[in-house]
Amino acid sequence: MYARRRHAYFAMMGVCVTLFVLAWGVVRLWSIPVAVGMCVVAMVIPPVAAMVANRRGPDDRWWDDPSGDSKSDEWWDELDGKRRPRQ
């Protein structure tokens, strides 16, 4: 799942860079409004790419990872019902 999200992110960012380069390297010679429109579209791509790359799938169990702080981990385990509180 992680590789698929990473590939989608890099593909979207590649499209973004391509739009910018084509807009100001080629398209502006024929139509500046179209070049500006291409840049506006390219401006929207990076936030969407970040959301795609950082979303969590149903198989990602990131909330179960221990934090490294034993007291905090015990507290969360108690809240989740994994362990009984100390007596």
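Note that the coordinates shown come from a computational prediction; the quantities given were computed from them, not determined experimentally.

What counts and how
One numbering rule holds for all chains: residues counted from 1, following each sequence as written. Where local features are concerned, this predicted model is filtered to residues with pLDDT of at least 70; where side-chain atom pairs are given and counted, the filter is 80 or more; whole-chain, interface and lining totals use all residues. Side-chain measures were taken over the full set of non-hydrogen atoms in the model, leaving aside hydrogen atoms and water. Secondary structure elements follow DSSP: runs of H or I no shorter than four residues count as helices, runs of E no shorter than two count as strands, and numbering proceeds from the N terminus. Here the accessible surface of atoms and residues is derived via Shrake-Rupley with a 1.4 Å probe, and residues count as covered only by protein chains that are part of the display. Residues qualify for a patch when their relative accessible area is over 30% and they have no salt bridge, like charges being joined within 9 Å and the nonpolar side chains of Val, Leu, Ile, Met, Phe, Trp and Tyr within 5 Å. Here, a salt bridge means any side-chain nitrogen of Lys or Arg that lies within 4 Å of a carboxyl oxygen of Asp or Glu. The cut-offs for exposure are 20% and 50% of the maximum accessible area for each residue type, with area from a 1.4 Å probe on protein chains only; residues under the lower value are buried, those over the upper are exposed, and the others partly exposed. Under the convention used throughout, the expected extent of a helix is 1.5 Å for every residue step, that is, one less than its residue count. The contact criterion used is simple: two residues touch if any of their non-hydrogen atoms lie within 4.5 Å. Note on definitions: angles span 0 to 180 degrees between N-to-C directions of axes, and those axes are lines fitted to C-alpha atoms, for helices only across the stretch in contact. For classification, angles of less than 35 degrees are called roughly parallel, those exceeding 145 degrees roughly antiparallel, those between 65 and 115 degrees roughly perpendicular, and all remaining angles oblique. Should the near helix be turned counterclockwise from the far one by less than a right angle, the crossing is left-handed, whereas a clockwise turn marks it as right-handed. Grouping buried Ala, Val, Leu, Ile, Met, Phe, Trp, Tyr and Cys residues that are joined through side-chain atoms within 4.5 Å yields what is termed a nonpolar core. Put simply, two rings from Phe, Tyr or Trp (the six-membered ring, in Trp's case) pair if the centres are within 6.5 Å, and we call them stacked under 30 degrees between planes, edge-to-face over 60, tilted for the rest.

1. Observations regarding the overall build of the chain
Now for step 1: Scanning the chain for helices and strands turns up three helices and zero strands.
Now for step 2: Listed N to C, the secondary structure of the chain is α-α-α in terms of helices and strands.
Now for step 3: In the form shown here, the chain has an accessible surface area of approximately 7,200 Å², with 63% of it arising from carbon and sulfur atoms.

2. As for a nonpolar patch on the surface
Now for step 1: A cluster of nonpolar side chains, Phe20, Trp24, Ile32, Val36, Val40, Met43, Val44, Val48 and Met51, forms an exposed patch at the surface whose accessible area comes to about 830 Å².
Now for step 2: Broken down by element, the residue count for the nonpolar patch peaks at seven residues, all from helix α2 (residues 32-54).
Now for step 3: Following the sequence through the fold, methionine 51 ends up in helix α2.
Now for step 4: Residue classification places methionine 51 among the exposed residues on the basis of a relative accessible area of 57%.

3. Looking at helix α1 (residues 2-25)
Now for step 1: For α1, built from 24 residues, the straight-helix expectation of 34 Å at 1.5 Å per residue is met to within 8% by its first-to-last C-alpha distance of 34 Å.
Now for step 2: Buried residues of α1: Arg5, Cys16, Leu19 and Ala23, and no others.
Now for step 3: Of the surrounding elements, those touching the buried residues of α1 are α2.

4. Description of the environment of alanine 11
Now for step 1: As for its placement among the helices and strands, alanine 11 is situated in helix α1.
Now for step 2: Between the C-alpha atoms of alanine 11 and alanine 49, which are 38 residues apart in sequence, the distance is 8.9 Å.

5. Details of the packing of α1 against α2
Now for step 1: Put simply, α1 and α2 touch, their axes get as near as 9 Å, and they point 165 degrees apart. Relative to α2, the element α1 lies roughly antiparallel. Handedness of the α1/α2 crossing: left-handed.

6. Things to note about the nonpolar core
Now for step 1: Within the largest apolar cluster, nine residues are counted, these being Cys16, Leu19, Ala23, Val27, Ala35, Met38, Cys39, Ala42 and Ile45.
Now for step 2: When near neighbours in sequence (up to four residues on either side) are disregarded, valine 27 contacts Leu22, Val34, Ala35 and Met38.

7. Digging into the packing of aromatic side chains
Now for step 1: With the rule as written, the count across this model stands at one aromatic pair.
Now for step 2: Arranged with centres 5.4 Å apart and planes meeting at 70 degrees, the rings of tyrosine 9 and phenylalanine 10 form a pair that is edge-to-face.
Now for step 3: Taking the relative accessible area as the measure of exposure, tyrosine 9 reaches 27% and is therefore partly exposed.

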